Amino acid sequence: MSVFSFDKSTGFVSLESHPIDSGFPVTSTQLTQMLEQSEFSEYEAVIANIGKLFAPTKNYQEVSLVVAKAVDASIVINIDEKNMVAEATLTTAKGGALLSMEGAQKALADAGVKKGISPRALDTFLGQQFEQPAGSSYSAIIAHGRNPKEGRDAKFVRLCSTAQDRVLSPQAKEGGKVDMKNLGAIITVKPGTPLMQRIAATPGEEGYTVFGDSISAKPGKDHQLQPFEGTKVDPNNPNMLIADCKGVPVALPRGMRVDDVLCFDNVDVSTGHVDFDGSVIITGDIKDGMRVKANGDITVLGFVESGTVESKSAVTIMLGAIGRKREGEEAFTCSITSQRTISIGYAQYCNIKSEQDLFIERQALHCDLSARRLIRVGKANDPRGKIIGGPAGTKTRVFLAQLWFELRQKQTQITDFEKILATKVTALQQAREKASKIASAAQRQQFMNKITENEKHIKIRSAHIHRQKLLIKQKIVQLLASSRLKVNELMHPGVELKIAKDSKQFSRIYPPHLVKLTEGKITQTF
């Protein structure tokens with residue numbers, strides 16, 4: 001027969017009679033052991049009452065016989081600082097009721113959690129009550145907010161090929177071979193030809209917190225098509241750029257241009273030098289000593305032999321460019337400059353300078369190479385071209401991060417201007433002191449107002465200069481961090497590398513490694 005009784009209405013476990021009356025149990029330890037071995041072992045013992053049952057007292061009949069109680073499972077909801085995660089901590093029941101799904105949902109509602117609740121996570125969380133010991137605690141994340149999804153910037157899709165695409169895509173012959181001399185027909189467009197399509201920016205998707213508050217999304221940057229010379233926006237479709245005249249299409253950021261095209265078999269003494277406002281396509285070579293200058297693209301399907309090529313757009317030389325051998329610091333006889341990308345088969349004894357990227361498909365020998373963005377020798381993805389130099393006058397020099405000098409000059413100019421502004425601030429402070437001593441109140445106020453206006457103007461200029469200073473500093477850091485030379489196979493002797501103001505000459509063969517600027521010095525990492 002059990003010495004305990006259970007009251008379902010209160011959840012209390014009591015002794016049937018006082019130990020003094022029943023003579024059993026004799027000690028509180030014995031009572032605790034009996035409780036642990038009974039069907040009420042998981043219930044929470046009321047230690048204070050158990051102690052009083054065995055304490056000496058004359059009125060023992062007044063002592064409560066309750067020795068344990070049933071405790072229901074409980075839950076606490078915690079929200080992170082950003083209101084994006086709701087974590088539940090559940091303390092399992094001690095003989096009481098398990099936490100139901102309805103109870104958990106009510107606790108979430110009481111905590112203000114409205115969105116992002118995972119029914120599966122909540123169900124799994126509650127199911128662990130059957131596996132955990134009585135009175136133990138465990139936690140799990142049962143609700144997530146959603147971060148906003150940024151919108152996509154407007155995109156511009158080119159709908160036609162350019163002359164450079166033609167050069168880089170030789171025609172296939174029978175048997176799958178490629179004819180490097182057959183590059184297909186010259187690409188021209190006529191009025192009304194679609195050139196570029198604009199895909200509008202997207203607004204993004206709003207996010208939300210677990211409390212149900214909306215988080216605004218950052219919309220994508222919206223840019224409009226830019227009609228350049230020879231193009232216009234389609235009157236029936238504002239997102240379409242079409243040709244407005246017949247000519248050669250030239251790809252530009254956010255738009256295209258249609259150039260008049262001038263074609264030559266070769267450029268030599270029979271044609272004279274070429275200076276053209278549109279694009280130039282030469283199906284043969286540029287001969288020794290000849291100069292080709294154009295505002296549009298210059299495309300040469302053959303060689304440039306000790307010639308000069310200057311373009312305000314892109315330059316593509318299919319086979320290569322060769323100058324005469326130099327002695328000492330003699331000037332290069334072959335020079336190629338472009339305000340956009342230069343693509344060339346190979347180069348020898350050439351001075352090549354691009355305001356954007358420089359791509360050399362096979363190798364560069366004894367050249368000066370300079371680009372504002374990227375120099376790649378070899379084919380894309382895993383370039384394995386060769387850069388080869390030699391003794392003085394024949395070494396190959398690679399220039400990186402040369403924009404550093406221009407940025408440093410701007411920093412100096414900003415510093416000088418800051419000094420001028422500081423001088424003006426001091427002068428205005430002195431003027432304010434003098435104005436405060438003017439006897440006439442009206443005249444004094446007039447001067448004070450002028451000084452205040454000048455101070456506001458200087459404050460605005462100072463803030464603008466400070467922003468420019470930070471921007472230039474950021475550009476320098478990014479420029480130096482991204483300016484590096486990666487050697488995929490071998491670095492041959494006779495190469496001189498200049499990054500920003502530091503230069504280094506390499507006099508032996510090096511295995512694959514990375515060359516970059518570290519704390520102002522060129523370093524090699526193998």
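If you're wondering where the values come from, they're calculated on a predicted model, not measured in any experiment.

Engineer: So, the side chain of Asp368: which residues are in play, and what are the values?
Structural biologist: Assignment of secondary structure puts Asp368 in strand β33 (residues 368–371). Looking at Asp368, the relative accessible area reads 7%, which means it is buried.

Engineer: Lay out the packing of aromatic side chains in plain terms, naming residues and giving numbers.
Structural biologist: The geometry of an aromatic ring pair is captured by the separation of the ring centres together with the interplanar angle, meaning the angle of the planes. Under the criterion given, the structure shown has eight aromatic pairs. Note on Phe40 and Tyr43: the rings are 5.3 Å apart at their centroids and 85° apart in plane angle, and the pair reads as edge-to-face. Residue classification places Tyr43 among the buried positions, given a relative accessible area of 16%. Here Phe506 and Tyr510 contribute two aromatic rings whose centre-to-centre distance is 5.8 Å and whose plane-to-plane angle is 85°, an arrangement assigned as edge-to-face. What makes Phe506 buried here is its relative accessible area of 2%. On the basis of relative accessibility, which here comes to 12%, the residue Tyr510 falls in the buried class. An aromatic cluster of at least three residues, connected via ring pairs, comprises Phe4, Phe6, Phe40 and Tyr43. In this structure, Arg326 is placed above the aromatic ring of Phe332, and the distance from its NZ or CZ to the ring centre is 3.9 Å. Above the plane of the ring of Phe359 lies Arg376, whose end atom (NZ or CZ) is 4.1 Å from the centre.

Engineer: Account for the pattern of salt bridges, naming residues and giving values.
Structural biologist: Counted under the stated rule, the structure contains twelve salt bridges. With a closest N to O distance of 3.8 Å, Glu361 and Arg362 form a salt bridge. Residue classification places Arg362 among the partly exposed positions, given a relative accessible area of 40%. For the salt bridge of Lys469 with Glu418, the shortest nitrogen-to-oxygen distance reads 3.4 Å. Here Glu418 lies in helix α7 (residues 403–435) and Lys469 lies in helix α8 (residues 441–482), a separation of 51 residues in the sequence. Taken together, the shared-partner salt bridges connect Glu44, Lys69 and Lys94 into one network.

Engineer: Any details on the sheet that holds strand β22 (residues 298–300)? Residues and values, ideally.
Structural biologist: Pairing is parallel in the open sheet, where seven strands are placed in the order β18-β20-β22-β25-β28-β31-β34. Since the sheet does not close on itself, it has two edges, and those belong to β18 (261–264) and β34 (374–377), each with one partner. The mean inter-strand angle of the sheet, taken between neighbouring strand axes irrespective of direction, is 5°.

Engineer: Just give me the short version of the sheet that holds strand β11 (residues 194–199), but keep the residues and values in it.
Structural biologist: Read from one edge of the open sheet, four strands run β8-β11-β15-β14, paired in antiparallel fashion. Two strands lie at the open edges of the sheet, namely β8 (155–158) and β14 (231–233), each paired on one side alone. Neighbour-to-neighbour, the strand axes of the sheet open up by a mean angle of 25°, direction not taken into account. Relative to strand β15 (residues 240–243), β14 runs antiparallel, the two being bridged by three bridges. Note on β15: the bridge partner recorded for Lys232 is Ile242.

Engineer: Account for the environment of Ile476, with residues named and values stated.
Structural biologist: On the secondary structure map, Ile476 appears in helix α8. In contact with Ile476, other than residues within four places in its own chain, are Trp404, Leu407, Arg408 and Gln411.

Engineer: Break down the nonpolar core for me, citing the residues and quoting the values.
Structural biologist: The biggest cluster of nonpolar side chains holds 60 residues, and the ones touching the most others in it are Ile286, Ile336, Ile352, Leu369 and Leu497. With sequence-adjacent residues up to four places away left out, Leu497 is seen in contact with Val398, Leu400, Leu485, Asp502, Ser503, Lys504, Phe506, Val515 and Ile522. In terms of nonpolar packing, the next biggest core, distinct from the first, is built from 20 residues, Ala107, Val113, Leu126 and Ala143 among them.

Engineer: Could you give me a rundown of the state of the cysteines, with the residues and numbers involved?
Structural biologist: All told, the structure shown has zero disulfides when counted by the stated rule. As a non-bridged cysteine, Cys245 has Cys160 as the owner of its nearest cysteine sulfur, 12 Å distant. Note on Cys263: no disulfide assigned, nearest cysteine sulfur contributed by Cys245 at a separation of 15 Å. Judged by its relative accessible area of 41%, Cys263 is partly exposed.

Engineer: Would you mind going over a negative patch on the surface in detail, with residue names and values included?
Structural biologist: Residues Glu229, Asp260, Asp275 and Asp277 make up a contiguous surface patch of negative charge. Position of Asp277 relative to the elements: it lies in the loop between β19 (274–276) and β20 (279–282). Taking relative accessible area as the criterion, Asp277 reaches 53% and is therefore assigned exposed.

Conventions adopted
- Residues numbered from 1 in each chain as written.
- Predicted model: local features only at pLDDT ≥ 70, side-chain atom pairs only at ≥ 80, totals over all residues.
- Heavy atoms only, no water.
- Helix = DSSP H or I, 4+ residues; strand = E, 2+ residues; numbered from the N terminus.
- Buried < 20%, exposed > 50% of the residue type's maximum accessible area, 1.4 Å probe, protein only.
- Phe/Tyr/Trp six-rings, centres within 6.5 Å; stacked < 30°, edge-to-face > 60°.
- Lys NZ or Arg CZ within 6 Å of the ring centre and 35° of its normal.
- Salt bridge = Lys/Arg side-chain N within 4 Å of Asp/Glu carboxyl O.
- Pairing = 2+ DSSP bridges.
- Axes fitted to C-alpha atoms, helices over the stretch in contact; angles between N-to-C directions.
- Contact = heavy atoms within 4.5 Å.
- Core = buried A, V, L, I, M, F, W, Y, C linked by side-chain atoms within 4.5 Å.
- Disulfide = S-S within 2.5 Å.
- Patch = residues over 30% accessible without salt bridge, like charges linked within 9 Å, V, L, I, M, F, W, Y side chains within 5 Å.
- Areas by Shrake-Rupley, 256 points an atom, 1.4 Å probe, with all protein chains shown as cover.
- Lys, Arg positive; Asp, Glu negative; His and termini not counted.
- Charge placed at Lys NZ, Arg CZ, Asp CG, Glu CD.

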